[in-house]
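One letter stands for each residue in the lines below.
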Amino acid sequence: MIDHGAPTPRRSLRLEAVVLDCPDPAGLAAFYGAVLGWETVAEDSGADWVRLRNPAGSSDLCFQRDPEYLPPDWPGRARPQMLHLDIEVADVVTEHERVSALGARLLAADSATFRVYADPAGHPFCLCACPADPS
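Residues numbered from 1 in each chain as written. Predicted model: local features only at pLDDT ≥ 70, side-chain atom pairs only at ≥ 80, totals over all residues. Heavy atoms only, no water.

Draft legend 1. Geometry of the sheet that holds strand β6 (residues 105–108). Here we have four strands laid out as an open sheet, ordered β5-β8-β7-β6, and mixed in their pairing. With partners counted over all chains shown, the strands left at the sheet margins are β5 (85–88) and β6, one partner each. Ignoring which end each strand starts from, the neighbouring axes of this sheet average 35° apart. Here three bridges tie β6 to strand β7 (residues 114–118), and the two strands are oriented antiparallel to one another. Counted as the bridge partner of Arg105 is Ala118 from β7. Packing against the sheet, helix α1 (residues 25–36) makes contact with β5 and β8 (124–128), and its axis sits at approximately 30° to β5. Packing against the sheet, helix α2 (residues 92–102) makes contact with β6, β7 and β8, and its axis sits at approximately 5° to β7. (Pairing = 2+ DSSP bridges. Helix = DSSP H or I, 4+ residues; strand = E, 2+ residues; numbered from the N terminus. Axes fitted to C-alpha atoms, helices over the stretch in contact; angles between N-to-C directions. Contact = heavy atoms within 4.5 Å.)

Draft legend 2. Seen up close, the side chain of Asp119. You can see Asp119 is positioned in the loop between β7 and β8. A polar contact is formed between the side chain of Asp119 and the side chain of Tyr32, at a distance of 2.8 Å. Apart from residues lying up to four places away in sequence, Asp119 is in contact with Leu20, Leu28, Phe31, Tyr32 and Phe125. (Polar contact = N/O pair within 3.5 Å; in protein donor to acceptor, adjacent residues only side chain to side chain.)

Draft legend 3. The arrangement of the nonpolar core in detail. In terms of nonpolar packing, the biggest core is built from 24 residues, with Tyr32, Leu61, Phe63 and Phe125 touching the most fellow members. Elements that contribute at least two residues to this core include exactly β1 (17–22), α1, β3 (49–53), β4 (60–65), β5, α2 and β8. Here this core gets five residues from one element, more than from any other, and that element is α1. (Core = buried A, V, L, I, M, F, W, Y, C linked by side-chain atoms within 4.5 Å. Buried < 20%, exposed > 50% of the residue type's maximum accessible area, 1.4 Å probe, protein only.)

Draft legend 4. Examining the sheet that holds β3 more closely. Strand order in the open sheet formed by four strands is β1-β4-β3-β2, with mixed pairing between adjacent strands. This sheet does not close on itself; its edge strands, each paired only once, are β1 and β2 (39–41). On average, each strand axis in the sheet is tilted by 30° relative to the strand beside it, whichever way the strands run. Where β3 meets β4, four bridges bridge the pair, whose relative direction is antiparallel.

Draft legend 5. Layout of the pairing of β3. Taken together, the three bridges between β2 and β3 define a ladder with antiparallel strand orientation. By the bridge assignment for β3, Glu39 is matched with Arg53. Two successive antiparallel strands, β3 and β4, enclose a turn made up of six residues, where Gly57 displays a positive phi of approximately 85°.

Listed below in C-alpha cells is the structure:
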C-alpha cells in the first residue's frame, strides 16, 4: 500500500517528452509550435523527428514520422486514441478561433469551458478553461 502522506523520494527519472507519430513531423510541429508558442529545436535526425522545447523546462513535445500512421477515429473505437493533450486556456472562445485558423478541427463542444479538437494529423486534443485542481 502506498502512503500518500509520505514524501516522495527523489528519483533519477524524468519524463523527457511526449512523442506523437504522424506523417509530417515538421508540419505538425509548426501547428503545435503556433498553438503553444514553443520553439522548434533542430535535431540531427532531420525531417523524421522534430522537437518543440517546453520553455517552462518540463517535458518537450516531439513528432516522429510514421509513413503508415492512421489517425484515431475519435470517439469511435475502431482506431482508438492512445493519448490526447489537454491545453489550458483562459478563454475557450478566443482560443477556438485561433486554433481553428491554424488548422484544428472541432470534434465536440459540449461545454463553455471544454472543447475537443483534432490537430492536422487527426490526434485529438482539448482546450480547457477549467479551474486548476487545488490538490
